[in-house]
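# Chains, contacts and geometry: an overview
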Amino acid sequence: MAYTNAIFYLDYINGIDTARATMNTCIASNPTGTVTNVYKTGHGLVTGAVVTLSNFTAWLNVTWKVTRVDADNFTLDTAVWQATADASGDCVPFGGSSWADAWKTLTAGVTAARIAPTDTVRIAKSPDPTLVGNAKWTNTTKANGGIDSTVSITSSTNASPVQITKSAHGLSSGDVVQIKAHTTNTNANGVWIITVDGLNTFTLDNSIGNGVGGASGTYQRVTPHCIVLETPVTKTITNTEFAWTPGTNVTSAGIDATSLVRQHLSSLKIVTGASCGANQIIAKYALPASLDLSAFEQISFWIKNDTTVLTAGQLEVRLYSDGACTSLVETFAVPALPVSYYMAPFTINKGSALSAGVQGIAIYATVALASKTYRFDNFIACKAAGSANSLSLCSLISKSSAATGGQWFCIQSIDDKIIVLDNQLSANPFIAMARGYVGETESSVATYKRETIKTPMPTGNNTNVEVLNDTGSVSTGLMTYEAGYNTSNSARDGETFLDGLCGFGVGINTNGKGYCALKYFSFVRYYDGIYVYGTMINLDLSQLINCTDAGIKFSSSYQITAAFGSIVQNTVGIYLTTTIGFNCTSIGYLNSNKTYGLLVQGLAFSRFDYIGSASNNTTAFDCTNLIDAVFQEIVMAKCNSTSVCTIYGGSNIIINKVETTLNYSLFGCVSGGDIVIRNLLCTETVTATTVTNPMQNNRLFYHNVGRTGNTHYIFSDGCYAVTDATTRHTASGISWCLNLTANTRISTYPLRVPVAKVAVNASALVTVTLWFKLSHATNVGAKLMVRKNQINGVASDVEVLAAETTDWQQLTLTFTPTEAGVVEIEAQAYCRSALYPYSVYIDDITISQA
């Protein structure tokens, strides 16, 4: 390549990857100085375009970046004219030289033959947010994450609205509840906004009873899982809570509660027979009343193909003006599902107003579909695609109006005012893994939606949707892939949201390519949003949302620098294996992930500088073989349903500053080295809950709990130490209380507490004194100690034993090092009998050197 620092353009919507046409009979000349000009009538190139010349004299037959002179001439950047006997040849443009000439994909457009180290690829943004309207957002206050328990219903009324009776129900007006398995008054079953009309009663807004219900079924508060619009912007066609009528040679078209339940309790399951033919209705449903859909131009729904690949157009959703489905008014071709057992939301645009009178809906087969199973749920009508409030099941939703940043969520279902947040594509609504929303509760806040770029669906979990094809180098510099560009003015003023829809495939695989940077991408509904392996990779990613495996996965990666905006609704947020040198400068949100916010299975020499929120996950941080790591600041870790952090097989780990509330537990150390948590501000009881494998003698240090400067803990198996302001040798300050909680802590396996690290000089006597108090004169022992071989001159342990008394006693220890250095001094406590618990207090240390 005879150029550096080219800029290329990629547009997922309007680009094209095919090779550009060869321009023949181009004429090279030397108009002045060393300038090399190429003449070709109507060449169509722009300044910065890259071309390959061929069939010229040899020195011209390489790749050049060009400067446009006029419509018929361009010059070759950096070319120095050489005498040539052959001034005519061919020119092949790379393409990607402007938005009008943009490539379409990274995989097929940004090929290794078209790019070189130091090049930048600019990627067109997805649409900016638009206002849906005002809505209520409710923060989960459920301690330990999870979801509210179900409550048995006492009775219901046959009225409009239906009134539910339950003594001391504890609900508030505007809450959202799910009611299920209520008998007789079956119209009460569903998801409802409620109005409280008494301590023991509440009504279901806009409900109509169909009988007096007794003591049957349950209700469940699901408010934190729902966004409630003040004004609905969609129209529900049907939520598939009732069986449909099967077509000819169709085995069944009933409801099912086991799969693709996106709204309330069931989906529609259609099973075709062996003789199911082409051009027929395979299932139909008469709506309870005629719907006027003239204010809408699109429909949106969920679909799953259980048994076969579905080609585009093989199925249609049809709307009819009559319940018998004989008078067709609308037809929508269902897009392709390339592999069986895919599930996805689809939004299909008619482009003009839907019918004003719809009373029937059907699924229609255009080809013979014998012995197939399909599922559908949550059919809704949506506003015109160009409308600001054209919300659909494919949309993302947020409180943020900014074109960059914020915290965006996938939608599981929409029914009138109620929008249910998604969490896992295969999960039913309102179960324990459905994590809901964590953030500020606001009763009426402007709410926005944004649309994504739908990439082709992959053919398997690990199928790559996009790959990187070329690498930078340590000598020349990084390859840069920079998203979020405005094609009208080439300003980077947005973000690029890539959406797999179905929870399969890898959004972008770095493909072992190193020395590259990826910026301002967002990944939605893939198996892994982005898979990273390679060396010297810089990431600045905005959103990782609702991925089936992980928002981002690292493996065999080295020297990674990363920053993330929001990582929410995934099974795992960040998944790290076999990674060395991971420097994460910031994570805005690491929230509402089904299992782990951060899952580590092999990570060394790493740093996490700032995490704004690590909340409402099952476990915020689950770490195996995490070595030499620092978490500098975690602003909030809230409502995690196991622990904030568990560490297995780790060492040299520091969590410097963290605020927590409403978690099941705080930090657990299992078979790891010393772990230090500093400046913890929490509402939970400070305790080590998962310290096992006692022969490892792990220690979990809590320093400055409550940030008051005088509360500290050390936890290990069968023992712990804590500062104490009551039992003191002197009247002020604090002592340390060393507590033995198991008789495994004997003299050969004591509780060891470092009391000082001292810089010492060579050949000078060091004197250390420390006061001890035993809780029992004979059943507990203690010592002051310097362990051997820390420094020359201390070849064996230096120790002083406490006497058998419960009075305060001063122990004095001396040693003389033969070299300068640093020495650690420790206090030890241990059981002398099989009885426990016992305590040893230590206070008032002095250290001097002759």
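Scope of this entry: the structure provided in the associated data block. For every chain, the first residue of the written sequence is number 1, and numbering continues from 1 along that sequence. In keeping with the predicted nature of the model, local features appear solely for residues at pLDDT of at least 70, side-chain atom pairs appear and are counted solely at 80 or more, and the whole-chain, interface and lining totals rest on all residues. With hydrogens and water excluded, all non-hydrogen atoms of the structure serve as input to the side-chain values.

### Focus on the overall build of the protein
The line we're drawing: For helices the rule is a DSSP run of H or I covering at least 4 residues; for strands it is a run of E covering at least 2, with both sets numbered from the N terminus onward. Three exposure classes are used, based on accessible area relative to the maximum for each residue type with a 1.4 Å probe and protein chains only: buried under 20%, partly exposed in between, and exposed over 50%. What makes two residues a contact is simply this: any of their non-hydrogen atoms within 4.5 Å. Calculation of accessible area relied on Shrake-Rupley with a 1.4 Å probe; when residues are assessed, cover is drawn exclusively from the protein chains displayed. Here the positive residues are Lys and Arg and the negative ones are Asp and Glu; neither His nor the chain ends is included. Lysine's charge is taken at NZ, arginine's at CZ, aspartate's at CG and glutamate's at CD.
Each helix and strand in the protein was counted, giving zero helices and 61 strands. In terms of principal-axis extent, the alpha carbons of the protein reach across some 100 × 95 × 50 Å. Scored against the burial criterion, the 850 residues of the protein give a buried share of 56%. Put simply, of all contacts in the protein between residues at least 6 apart along the chain, 67% involve residues at least 24 apart. Per element, the accessible surface of the protein, about 30400 Å² overall, is 52% carbon and sulfur. One way to put it: in the protein the 50 positive side-chain charges average out to a point 3 Å from where the 57 negative ones average out.

### Side note on the side chain of Asp17
Heads up, the condition is: A pair is scored as a salt bridge if a Lys or Arg side-chain nitrogen falls within 4 Å of a carboxyl oxygen belonging to Asp or Glu. Each polar contact in these results corresponds to two N or O atoms within 3.5 Å; when the atoms are within protein, one needs to be able to donate a hydrogen and the other to accept it, and residues that are neighboring in sequence are counted only if both atoms are side-chain atoms.
Examined against the element boundaries, Asp17 turns out to sit in the loop between strand 1 (7–10) and strand 2 (23–29). For Asp17, which is buried and forms no salt bridge, the nearest opposite charge comes from Arg114, at a distance of 5.2 Å. Among the polar contacts listed, one links the side chain of Asp17 to the backbone nitrogen of Gly109, at a separation of 3.4 Å. The contacts of Asp17, once residues within four sequence positions are left out, are Trp103, Lys104, Thr105, Ala108, Gly109 and Arg114.

### Topic: the environment of Thr307
Here Thr307 shows up in the loop between strand 23 (298–305) and strand 24 (315–320). Expressed as a C-alpha distance, the spacing of Thr307 and Ser371, which sit 64 residues apart in the sequence, is 8.3 Å. If sequence neighbours within four positions are ignored, Thr307 has contacts with Ser340, Ser371, Lys372 and Thr373. In terms of polar contacts, Thr307 uses its side chain to reach the backbone amide nitrogen of Thr373, at 2.9 Å.

### Details of the packing of aromatic side chains
Note the following rule: Each Phe, Tyr or Trp ring, with Trp reduced to its six-membered ring, pairs with another whose centre is within 6.5 Å; inter-plane angles below 30 degrees give stacked pairs, above 60 give edge-to-face pairs, and intermediate values give tilted ones. A ring is scored as having a charge over it whenever the NZ atom of a lysine or the CZ atom of an arginine sits within 6 Å of its centre and within 35 degrees of its normal.
Counting across every chain of the model gives 26 aromatic pairs. In textbook terms, an aromatic cluster arises when at least three aromatic residues are bridged by ring pairs, as seen for Trp244, Tyr285, Phe301, Phe346, Phe376 and Phe379. One Lys or Arg, Arg318, reaches over the ring of Tyr364 and ends 3.4 Å from the middle of that ring. Between the NZ or CZ atom of Lys383 and the centre of the ring of Phe296, over which it lies, the distance is 5.1 Å.

### As for the pattern of salt bridges
The full count for this structure, using the stated rule, is 25 salt bridges. Note that Lys125 and Asp493 form a salt bridge whose closest N and O atoms lie 2.9 Å from each other. With Lys125 in the loop between strand 8 (120–124) and strand 9 (130–137) and Asp493 in the loop between strand 34 (479–485) and strand 35 (496–499), this residue pair connects regions lying 368 residues apart in the sequence. A relative accessible area of 29% means that Asp493 is categorised as partly exposed.

### Some thoughts on the sheet that holds strand 27 (residues 358–365)
Backbone-to-backbone hydrogen bonds join strands into a sheet, with any given pair of strands oriented parallel or antiparallel. We count it as follows: Should DSSP find at least two bridges between two strands, the strands are taken to pair.
In spatial order, the strands read 19-22-27-24-25; together these five strands make up an open sheet with antiparallel pairing. The outermost strands of the open sheet, each flanked by one partner alone, are strand 19 (245–246) and strand 25 (328–333). Bridge analysis of strand 22 (residues 280–291) against strand 27 gives seven bridges, and the strand direction is antiparallel. Bridge pairing in strand 27 links Leu291 to Val358.

### Remarks on unusual backbone geometry
Each neighbour pair has its own omega, and for Ser160 with Pro161 the value is 5°, a cis peptide bond. Structurally, the position occupied by Pro161 is in the loop between strand 11 (155–156) and strand 12 (163–165). With omega at 5°, the peptide bond leading from Tyr836 into Pro837 counts as cis. Among the secondary structure elements, Pro837 is positioned in the loop between strand 60 (821–831) and strand 61 (838–849). In this model, Thr118 sits at a positive phi of 85°, which is unusual for a non-glycine residue. Counting through the fold element by element, Thr118 comes out in the loop between strand 7 (88–93) and strand 8. Its identity is not glycine, yet Leu260 carries a phi of approximately 50°, on the positive side. Along the polypeptide, Leu260 turns up in the loop between strand 20 (250–256) and strand 21 (267–272). Accessibility expressed as a relative area gives 1% for Leu260, which makes it buried.

### A look at the nonpolar core
To keep things clear, this is the line we draw: Buried Ala, Val, Leu, Ile, Met, Phe, Trp, Tyr and Cys residues that are joined via side-chain atoms within 4.5 Å together make up what is termed a nonpolar core.
Membership of the largest hydrophobic core comes to 82 residues, with the highest contact counts inside it found for Tyr481, Leu539, Phe564, Phe621, Phe667 and Tyr702. When sequence neighbours within four positions are dropped, the list of residues in contact with Phe564 reads Leu541, Ser542, Leu544, Ile552, Phe554, Ile574, Phe582, Cys584, Ser586, Ile587 and Gly588. One finds Val334, Leu337, Ile363 and Cys394 within the second-largest nonpolar core, a separate group that totals 42 residues.

### Notes on the environment of Ala402
Within the element layout of this structure, Ala402 appears in the loop between strand 29 (396–398) and strand 30 (409–415). Discounting residues that sit within four places of it in the chain, Ala402 has contacts with Pro129 and Arg450.

### So, a nonpolar patch on the surface
We apply this condition: For patches, a residue must show more than 30% relative accessible area and have no salt bridge; joins then use 9 Å for like charges and 5 Å for nonpolar side chains, namely Val, Leu, Ile, Met, Phe, Trp and Tyr.
A cluster of nonpolar side chains, namely Tyr558, Ile580 and Phe605, defines an oily patch on the protein surface of about 290 Å² accessible area. Note on placement: Tyr558 falls in strand 40 (residues 550–568).

### Some thoughts on the environment of Ile411
On the secondary structure map, Ile411 appears in strand 30. For Ile411 and Asn656, which are 245 residues apart along the polypeptide, the C-alpha to C-alpha distance reads 36 Å. Excluding residues that lie within four positions of it along the chain, Ile411 makes contacts with Trp302, Leu391, Ser392, Leu393, Ser395, Ile397, Ile419, Val420 and Asp422.

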